[in-house]
Amino acid sequence: MSPTLEDLAFVEQRLNLTIKPEQRNDYLALITATDNAAKAVMDMPDFTPPVDYRRFPRTDIYIPANENNPRRGWACKATVKGAPEGLLKGKTICLKDNICLAGVPCQFGTDVVKDFIPEVDATVVSRILENGGTILGKATCENMSHGAASFTSPNGPVQNPYADGFSTGGSSSGCGTLIGKGEVDMGMGGDQGGSVRIPAAFCGVVGLKATIGLVPYTGVLSSERSLDHVGPMATTVKDAALLLQAVAGYDGLDDRQLGAPSYENLPSYIPASRDLSGLRIGILKEGFTGIHMSPEVEQVVRSAIAKFKDLGAEIKEVSVPAHSQGGSLMHVINKMGSHQTRQGRAVGARGLYVNGFLEKLLPWEQSKWDEVHSFVQGTSVSGEYAFQHYPTVYGRAMNIMRRVKADYDKALSEVDVLVMPTVPFVARRHVEPDAGPLACVKKCAGIVENTATFNATGHPALALPVGFGSPAKEDILAPEDEAIRLPISMQIVGRMWEDAMCIKVAAAWEDTWNWKTGQRKI
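Naming follows an unreviewed UniProt entry, where the protein chain appears as Amidase signature enzyme of Armillaria gallica. Per UniProt, the protein chain has the following entry under Sequence similarities (unreviewed entry): "Belongs to the amidase family."

Asker: Would you take a moment to explain the overall build of the protein chain for this structure?
Answerer: Regarding its fold elements, the protein chain presents 15 helices and 12 strands. On C-alpha atoms alone, the protein chain measures out to a radius of gyration of 23 Å, which is about the 24 Å that the 2.2 N^0.38 rule sets for 522 residues. Over its C-alpha atoms, taken along the principal directions, the protein chain stretches across nearly 85 × 50 × 50 Å. Relative to its full complement of 522 residues, the protein chain shows a buried share of 55%. Counting contacts in the protein chain only where the partners sit at least 6 residues apart, residues at least 24 apart contribute 77% of the total. As displayed, the protein chain offers around 22200 Å² of accessible surface, 53% of which is attributable to carbon and sulfur atoms. Within the protein chain, one finds 52 positive and 58 negative side-chain charges whose respective centroids are separated by 5 Å.

Asker: Whenever I open this one, the domain arrangement of the protein chain confuses me. Can you help?
Answerer: In many analyses, interface size is given as the accessible surface area lost on bringing the parts together. Per the domain assignment, the segments making up the protein chain are domain 1 (5-43) and domain 2 (58-512). The gap between the C-alpha centroids of domain 1 and domain 2 is 42 Å.

Asker: How do you make sense of the pattern of salt bridges when you look at a structure like this?
Answerer: Oppositely charged side chains may form a pair once their charged atoms are brought near each other. Taken as a whole and judged by the stated rule, the model has 27 salt bridges. For Glu298, the salt bridge identified is with Arg302, shortest N-O distance 3.0 Å. Pair noted here: Glu298 and Arg302 are both in helix H7 (residues 295-306), with a separation of 4 residues, about one helical turn. Residue Glu298 is classed as partly exposed on the basis of its relative accessible area of 25%. Among the residues examined, Arg302 registers a relative accessible area of 31% and is labelled partly exposed. Taking the shortest distance from any N to any O, the salt bridge between Arg429 and Asp481 comes out at 2.8 Å.

Asker: Quick question: what am I supposed to make of the packing of helix H3 (residues 123-130) against helix H6 (residues 237-247) here?
Answerer: Each pair of packed helices can be described by the angle between their axes along with the distance between the axes. Interaxial distance between H3 and H6 falls to 8 Å at its minimum, and their mutual angle equals 110°. Accordingly, the angle class assigned to the pair H3 and H6 is roughly perpendicular. Mapping the contact onto sequence places Val124, Arg127 and Ile128 in H3 and Leu243, Ala246 and Val247 in H6.

Asker: Can you walk me through the sheet that holds strand S9 (residues 314-318) in this structure?
Answerer: Hydrogen bonding along the main chain pairs the strands of a sheet, whether they run parallel or antiparallel. Spatially, 12 strands are ordered S1-S2-S4-S3-S5-S7-S6-S11-S12-S10-S8-S9 in an open sheet, and the strand pairing comes out mixed. The open sheet terminates on both sides in strands that have one partner only, identified here as strand S1 (58-62) and S9. On average, each strand axis in the sheet is inclined to that of its neighbour by 25°, with strand direction left out of account. Pairing geometry for strand S6 (residues 206-209) and strand S11 (residues 461-469), over 3 bridges, is antiparallel. What sits directly across from Gly207, in S11, is Ala463.

Asker: How should helix H12 (residues 393-414) be read in this particular structure?
Answerer: Think of an α-helix as turning once every 3.6 residues; residues three or four places apart then point the same way. Look at H12: 32 Å from first C-alpha to last across 22 residues, which is about the 32 Å you get at 1.5 Å a residue. Within H12 the residues assigned to the buried category are Ala397, Met401, Val404, Lys405, Tyr408, Ala411 and Leu412. Buried residues of H12 fall within an arc of 120° about the axis and therefore sit on the same side. Opposite the packed face of H12, turned more than 90 degrees from it, sit the exposed residues Arg396, Asn399, Arg402, Arg403 and Lys410. Buried positions along H12 lie against helix H8 (326-342), strand S10 (417-421), helix H14 (453-457) and strand S12 (486-494).

Asker: Explain the UniProt feature "domain: Amidase" (unreviewed entry) in the protein chain to me, please; I cannot follow it from the model alone.
Answerer: The positions UniProt marks with the feature "domain: Amidase" (unreviewed entry) are residues 79-502. Span residues 79-502 is 30% helix and 15% strand, its end C-alpha atoms 32 Å apart.

Asker: Help me understand the packing of aromatic side chains, please; the structure alone is not making it clear to me.
Answerer: Here the structure, examined in full by the defined rule, presents 9 aromatic pairs. A ring pair is formed by Phe108 and Phe357, whose centres lie 5.2 Å apart and whose planes are at 90°; its orientation type is edge-to-face. Placement of the pair is Phe108 in the loop between strand S3 (92-96) and H3 and Phe357 in helix H9 (residues 355-361), with a sequence separation of 249 residues. One exposure class covers both Phe108 and Phe357, and it is buried. Members of the aromatic cluster, joined through ring pairs, are Phe108, Phe116 and Phe357. Stacked on the ring of Trp513, the Lys or Arg Lys307 has its end atom at 4.9 Å from the ring centre.

Conventions we followed
- Residues numbered from 1 in each chain as written.
- Predicted model: local features only at pLDDT ≥ 70, side-chain atom pairs only at ≥ 80, totals over all residues.
- Heavy atoms only, no water.
- UniProt positions renumbered as here; feature names shortened; annotations may be inferred.
- Helix = DSSP H or I, 4+ residues; strand = E, 2+ residues; numbered from the N terminus.
- Rg over C-alpha atoms; globule rule 2.2 N^0.38 Å.
- Buried < 20%, exposed > 50% of the residue type's maximum accessible area, 1.4 Å probe, protein only.
- Contact = heavy atoms within 4.5 Å.
- Areas by Shrake-Rupley, 256 points an atom, 1.4 Å probe, with all protein chains shown as cover.
- Lys, Arg positive; Asp, Glu negative; His and termini not counted.
- Charge placed at Lys NZ, Arg CZ, Asp CG, Glu CD.
- Domains from an automatic or database assignment.
- Salt bridge = Lys/Arg side-chain N within 4 Å of Asp/Glu carboxyl O.
- Axes fitted to C-alpha atoms, helices over the stretch in contact; angles between N-to-C directions.
- Parallel < 35°, antiparallel > 145°, perpendicular 65-115°, else oblique.
- Pairing = 2+ DSSP bridges.
- Expected span 1.5 Å × (residues − 1).
- Arc of directions from axis to C-beta.
- Phe/Tyr/Trp six-rings, centres within 6.5 Å; stacked < 30°, edge-to-face > 60°.
- Lys NZ or Arg CZ within 6 Å of the ring centre and 35° of its normal.

So this is what it looks like as structure tokens:
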């Protein structure tokens, strides 16, 4: 059907516009031309990069039963064997379930869309397979990849590998527990505010949010494109570096990759030496001063930092007051940007759009809202409110973040890396199944205060396990809970494009110290 005057009236209402009566037919003709152009585009075949199913067949695809998936880490099992040789030969890998693996269901942590099967491989998938890795399936992610908890997926709460009933963090929750329990060697997570590093911190594994654009986001479902990252997670720093080496580099599609090295001419990210002689380690003062900082976490991380002296490094405290402003800035950017994306309003990007998911998702209606977690509803309610009442606040937040980035850059001109706790507390217990929106948010309060800002500034940030701590008092429900020990993580932040430095520092610590016992290895 062609547009009608009723369609024009609806547009007027949305725009708060009244068209002059004598011009209504003119504007009707204009939107008819737009309608014709849109129909012509919809009749054209979409562009999707080809998938080599013959070389890399997808087999044994199934949704595991709960009894075979006790920690709810798997969203879907599949086997895709990579090339016979390569950097990742012999390595098993899981993919966060917002990463497209052609021919394999992608749940995206929600029941709103139940039958989305991508027709494209994400660039990171193609590179994993080209480098000899074996993909074993899709790891559970939180509801529409939103939230730093691990209780929002329709699969049920994802359980911490060190204690049932406790969070793995999010939104790469499944990757955290699968790697932490040794079901896979490594995984590709996604990070818009800490979603690689927080699960790594809670599950005792290594997680790297690389410099913005170093790892292509092509073929990954988005939340807020200015914050979008995918990054490696693994049991060791060296394995995380190996996976980064396999997937990093410009792919010719993702315009977030301005400044990224070419895939064919990557520097080496594989750590070669544990000697840190002359290196300057900067303790970020504000990384320890948040109101949610656990004294035990602070003590364990400061003790871990002190061990860098044994490796020849110089340690000094540095201050970036703007670090404490990151919460409000990231709240605005993430809520408003994610809301627009989920409404299908992401524009201005030169890249590969994963249209198949949005075609199934849109338009929103009550039955769909009923299927998403309150984290997703809350973001849209908050985002729409902000656009109505503060129409320029998103742009202001983005502009201010440039100043924040400059402040970190200044600090990093005086030291080689910044260090702080990844998360200010250990994993919390899951909320009750019937918890309301505010209770869910309170359970996660403070969880991103040291991680989120680096998504907007783009600096590389690595989470490294360095010890254990006890649950919070309110999470100890029985005498046996007193014996629970949960991982504590240190975050290492580097200069733009100096991901190798973060890896070098982390590998030197890991090679020298056993994080589980606190004892020196050599």
